[in-house]
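Report on the structure
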Amino acid sequence: MPSLESCEGTNADVPAYVKQSPRNSTAPLTPISIPNLSIPVVATTPMLPVPAMLKTINIRLIPITPNPQVRRYERHILVNKKCKAFAVERGSLGCSEKLATVHGWEPLAHPNGALSFYQAYKRVLTDANVRDPDTAVKIDKAIRTAYEGAHNANISLQPSVELTLELTVKKGKEYWGYYFVDHEKRVIFWFEDYQPFDLTNNVRGATCKSHIEYAIESQYWRHIELFPNKRVLPEDVVMELKEISTYTYAAILTTETCPMPFTQKEVASVLKLVNLPKDSTNRECERSVSIVARFMKLICHTKFENFHGQPGARLVADQSLYGGRNTRSKYTIITLRILNCILFGSLAAHSNAVHSVWVNGTIVRPRWQDFIEGLTAEWSGYAVSSTVMLFVDIRFLAVTTQASAVALVHLSALCAIGSLIITLCLFGQINERLQGRHAISFMVKVSRSIVGLEGLSVMFSLPFALLMWSISFFAVALSIVIFGIPNIVII
């Protein structure tokens, strides 16, 4: 049973089930790898009664994960748009104005500019605006409720454990999302059972604790990425990142099936960045901490997606963890074979390409960019060829009067126009849906649709197929004129 200690220097006497720490101390990313912090221990005191003001406040605590439920980048808080000159008093500008309305809350600025608050005595982090008196009172009650929940669940909180609170509004009701962070184990946890889909990110078959730990560690690094201030960057974490990056770079150089989601250029850039924070190790440097945390988050998430250390681990990029492609009926197979012949074999080629970059509901990033660039170059050539073919058809119509040849040239021109139009439309779709963060959502929708990925393959095949039909019709028309074949009936 954890001991109960009161938190001094706050606006409410909230029990902390951890040892009290200095106001400006924070938990390092990996406390084991750096000298021990000097943390004074205060005498154990009984839990103080809840202030009357807090008894009247109803707080709803819900467990959340840092990603994506800490919605820092979706707040869009508006700023006063009135243009008014600021009156600067004589003498040097003093910036000692009180930033927070609650004693003990320290404002922190993320390297990207986001504002958060840190309560060192209670070891609490939040993006909520504690300068607002109502919010300050509510968050005090939320802190007390969270620590009481951990106490009632017989969870022992170590001195390095932090609490993070996120104010959310759902259907007009306020909720306080929470999670605890253990820096020694690099995990986040809650005082209640929690089964979030955001944790597994729709990865099927995740049932082993040794596998789930990578997803939890990825969420831990997301927390560090969100709150990098006042943290020490351990040298062993930087060395771990460097070793992983070096191994990945070597794997990419020697094989084309490396399962890591980075290209060769990206890994080379990561190695350059990893060498930069050397002078920042073992001391507070929020920018370097944020850089390292972001890459560690991606690496841990990739390990989780690839079932790292599990019997069915993905060892190559296009390895399916759940078997081959979806079982197709006999009629579907026959239909696809007929379509493949009509599309001059391009359907099978594009189907194989699509399935090589979309494996088990995830995009193989190193191949994806090459795949998109290949499509773009391919369609650019088709657009030029279709334009030339259309010009040839129009010129041919001016020199022939044979009815069958004219009809075939008309069909050739229509196919060339169709190829050109579809190519231009696909160019627009690539720029809008197949680039950046929109690519995953688009591929998920397509894979879950009735036609599935085969429908996407058919769409990608149309520019080539229509161009080939245009050339074929023109070749037949030209043969009729050259060899003097009598008029044939065109149905």
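It should be emphasised that the depicted structure is a prediction, and the values quoted were computed from it without experimental measurement.

Quick notes on the overall build of the chain
Helix and strand content of the chain: 14 helices and 11 strands. Taking all 491 residues of the chain together, the buried fraction comes to 44%. A fraction of 72% describes how many contacts in the chain between residues 6 or more apart in sequence connect residues 24 or more apart. Accessible surface, the chain: about 26,800 Å² in total, of which carbon and sulfur atoms supply 59%.

Details of the side chain of H223
For H223, the location among the structural elements is in helix α5 (residues 209–226). A relative accessible area of 0% places H223 in the buried class. Contact partners of H223, with chain neighbours within four places excluded, come to P66, L125, E162, T164, Y179, V181 and R231.

Section: the pairing of strand β8 (residues 173–182)
When you tally the buried positions in β8, you get 8 out of 10 residues, the bulk of the element. Alignment of strand β3 (residues 61–63) against β8, held across 3 bridges, turns out to be parallel. If you follow P63 over to β8, its bridge partner there is Y178. Here strand β7 (residues 162–170) pairs with β8 via 9 bridges, running antiparallel. Residue pairing for β8: L163 is matched across the bridge by F180. The hairpin turn running from β7 into β8, its antiparallel successor, is 2 residues long, and K171 in that turn takes a positive phi close to 55°. The pairing of β8 with strand β9 (residues 187–189) spans 3 bridges and is antiparallel. Bridge pairing in β9 links D182 to V187. Adjacent in sequence and paired antiparallel, β8 and β9 are bridged by 4 residues, among which R186 carries a positive phi angle near 55°.

Focus on the environment of T145
Within the fold, T145 resides in helix α3 (residues 133–152). For the pair formed by T145 and I59, sequence separation is 86 residues and the distance between their alpha carbons is 7.9 Å.

Some details on the packing of aromatic side chains
Taken as a whole and assessed by the stated rule, the structure comprises 14 aromatic pairs. Between F180 and F189 the ring centres are 5.4 Å apart and the planes differ by 15°, which places this aromatic pair in the stacked class. For F180, a relative accessible area of 0% puts it in the buried group. Using a relative accessible area of 16% as the deciding quantity, one classes F189 as buried.

Observations regarding the nonpolar core
Of all hydrophobic cores here, the largest spans 70 residues; its most connected members are L61, L163, L165 and F180. Every residue in contact with L165, bar those within four places of it in the chain, is listed here: L61, V124, L125, T126, D127, I139, A142, I143, W176, G177 and Y178. Residues I363, F371, F396 and V446 belong to the second largest nonpolar core, which totals 30 residues.

Some points on the confidence of the model for the chain
Looking at the chain as a whole, the pLDDT averages 81, with 83% of positions reaching at least 70. Ranking the elements of the chain by mean pLDDT puts strand β2 (residues 15–16) last, at 36, and strand β6 (residues 124–126) first, at 95. Every residue in residues 1–48 scores below 50 in pLDDT, and together they form 127 contacts with partners more than four places removed in sequence or on other chains.

A few points about the packing of helix α6 (residues 235–254) against helix α7 (residues 264–275)
Each pair of packed helices can be described by the angle between their axes along with the distance between the axes. Where α6 contacts α7, the axes come no closer than 9 Å and their chain directions differ by 155°. With respect to each other, α6 and α7 are oriented roughly antiparallel. Between α6 and α7 lies a crossing of left-handed hand. Contact residues: V238, L241, K242, S245, T246, T248, Y249, I252 and L253 in α6; Q264, V267, A268, V270, L271, V274 and N275 in α7. Partitioned by chemical class, the residues of the contact of α6 with α7 number 10 nonpolar, 5 polar and 1 charged.

A few points about the pairing of strand β4 (residues 105–109)
Walk down a regular strand and you will see the side chains alternate between the two sheet faces. As judged from the 5 bridges shared by β4 and strand β5 (residues 115–119), these two strands associate in the antiparallel manner. Residue W105 lies in a different strand from β5, and its bridge partner there is Q119.

Focus: the pattern of salt bridges
Any two side chains of opposite charge can pair if their charged atoms end up close together. Tallied over the entire structure, the rule returns 15 salt bridges. The closest approach of N and O atoms between R71 and E74, which form a salt bridge, is 3.4 Å. Judged by relative accessible area, E74 falls into the partly exposed class, the value being 49%. A salt bridge links D127 to R75, with the nearest nitrogen and oxygen atoms 3.1 Å apart. Separated by 52 residues along the polypeptide, D127 in the loop between β6 and α3 and R75 in the loop between α2 (66–69) and β4 bring together distant segments of the chain. On the basis of relative accessibility, which here comes to 12%, the residue D127 falls in the buried class. The class of R75 is partly exposed, set by a relative accessible area of 29%. What you see here is one network of salt bridges that share partners, running through R72, R75, D127 and E166.

Comments concerning the packing of α5 against helix α8 (residues 286–305)
Remark: α5 packs on α8, axes separated minimally by 8 Å, with the N-to-C direction vectors making an angle of 160°. On the basis of their axis angle, the class for α5 and α8 is roughly antiparallel. Here the hand of the crossing between α5 and α8 comes out left-handed. Judged by residue contacts, H211, I212, Y214, A215, E217, S218, W221, R222, I224 and E225 of α5 engage V289, S290, A293, R294, M296, K297, C300, H301, K303 and F304 from α8. Here the residues of the contact of α5 with α8 are counted per class, giving 10 nonpolar, 4 polar and 6 charged.

Describing a nonpolar patch on the surface
Side chains of I334, I338, I342, F344 and W469 sit close together on the surface and give an oily, nonpolar patch of about 420 Å² of accessible area. A per-element tally of the nonpolar patch places helix α9 (residues 330–342) first, with 3 residues. Within the secondary structure layout, W469 lies in helix α14 (residues 452–483).

Conventions adopted
- Residues numbered from 1 in each chain as written.
- Predicted model: local features only at pLDDT ≥ 70, side-chain atom pairs only at ≥ 80, totals over all residues.
- Heavy atoms only, no water.
- Helix = DSSP H or I, 4+ residues; strand = E, 2+ residues; numbered from the N terminus.
- Buried < 20%, exposed > 50% of the residue type's maximum accessible area, 1.4 Å probe, protein only.
- Contact = heavy atoms within 4.5 Å.
- Areas by Shrake-Rupley, 256 points an atom, 1.4 Å probe, with all protein chains shown as cover.
- Pairing = 2+ DSSP bridges.
- Phe/Tyr/Trp six-rings, centres within 6.5 Å; stacked < 30°, edge-to-face > 60°.
- Core = buried A, V, L, I, M, F, W, Y, C linked by side-chain atoms within 4.5 Å.
- pLDDT = per-residue confidence, 0-100.
- Axes fitted to C-alpha atoms, helices over the stretch in contact; angles between N-to-C directions.
- Parallel < 35°, antiparallel > 145°, perpendicular 65-115°, else oblique.
- Left-handed = near helix turned anticlockwise from the far one by under 90°.
- Nonpolar A, V, L, I, M, F, W, Y, C, P; charged D, E, K, R; others polar.
- Salt bridge = Lys/Arg side-chain N within 4 Å of Asp/Glu carboxyl O.
- Patch = residues over 30% accessible without salt bridge, like charges linked within 9 Å, V, L, I, M, F, W, Y side chains within 5 Å.

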